[in-house]
Amino acid sequence: MLLVLLGLLLIGRGLWNAGADPIVRTASVELADWPADAPPMRVLLVSDTHVAGPDMPPERLASILRRFNGLKPDLILLAGDFHSGKTLSTRHYSAAELTAPFAQAKAKYGVIAVLGNHDYWFQPEPIAKGMKAAGVTVLRNQAVRRGPLIVGGVDDKVTSHDNLKRSYAAMDALGPGPRILTTHSPDIVPDLPAPVDAVFAGHTHCGQIALPLVGPLSYASKYGDRFGCGAMTDGGQKIFVGAGLGTSILPLRYGVPPDVWLVTLGPQR
């Protein structure tokens, strides 16, 4: 009975951790190619919402997104995995239901999304349609200009939908200016044809479950912990990888709270 009680307490704690308010992590990146007459931009990275019960119903996600509006981001990047294929979900949602909350996200230069592996394993076209209905720009190896920024969106690498050549050509077509990339998995970084000012990604969940003395059980990356979590520089490339808001496989978190990144991009001082 004691072991059962301890097990229930452990599961309960994991569920509570998964439902905790996300941490807003902040950083600043000074860019040599930032236009002198352009003010800095606040870019909010939101990843891995994984809408499903019990931890991330659409109502909770809508509430979180409304609170993020108070951060006054200039641009919001959604780094994929909007659907959840959790083994122990209490409820699954349709593509329309899981994308509708994103209509709550507001930013001066709009909201940009890429799809993740769980989206491709579920219903990629209905999800893309639902995001567009919510006012979100979905990039699939494409690029757009938002203010002074050129934003490239590289499609999901896990399901082999990424095309860096096409993404860079789309950025080139927009002319000069500071460039950033958003994508689901950071595993694209070693294959980038040329550095960009910053890469924004998710997918790893920062491990989601990190045990004492053991650390994260998995980053779901072929590079292990190389791109595992947070703000980093790899071979001169600046990268931000979020822990995500939702959960994958199990609706539990230990030692890895949900988070987002609010990154200020601007000129060198």
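Quick look at the structure, then. (Residues numbered from 1 in each chain as written. Predicted model: local features only at pLDDT ≥ 70, side-chain atom pairs only at ≥ 80, totals over all residues. Heavy atoms only, no water.)

From N to C terminus, the chain includes six helices and 14 strands. A compact globule built from 269 residues would reach a C-alpha radius of gyration of about 18 Å, and the chain, at 18 Å, matches this within 12%. Principal-axis analysis of the C-alpha atoms places the extent of the chain at approximately 65 × 40 × 35 Å. When the 269 residues of the chain are sorted by exposure, 55% land in the buried category. (Helix = DSSP H or I, 4+ residues; strand = E, 2+ residues; numbered from the N terminus. Rg over C-alpha atoms; globule rule 2.2 N^0.38 Å. Buried < 20%, exposed > 50% of the residue type's maximum accessible area, 1.4 Å probe, protein only.)

Checked against the element boundaries, H184 lands in the loop between β8 (179-183) and β9 (198-201). Polar side-chain contacts of H184 include one of 2.7 Å to the backbone oxygen of A79. Of the polar contacts made by the side chain of H184, one reaches the side chain of N117; its length is 2.9 Å. (Polar contact = N/O pair within 3.5 Å; in protein donor to acceptor, adjacent residues only side chain to side chain.)

Turning next to a nonpolar patch on the surface. Nonpolar side chains collect at one region of the surface, where L2, L3, L5, L6 and L9 lie side by side and expose about 560 Å² of accessible area between them. Along the chain, the position of L6 falls in helix α1 (residues 2-18). Classification of L6 by relative accessible area gives partly exposed; the value is 47%. (Patch = residues over 30% accessible without salt bridge, like charges linked within 9 Å, V, L, I, M, F, W, Y side chains within 5 Å. Areas by Shrake-Rupley, 256 points an atom, 1.4 Å probe, with all protein chains shown as cover. Salt bridge = Lys/Arg side-chain N within 4 Å of Asp/Glu carboxyl O.)

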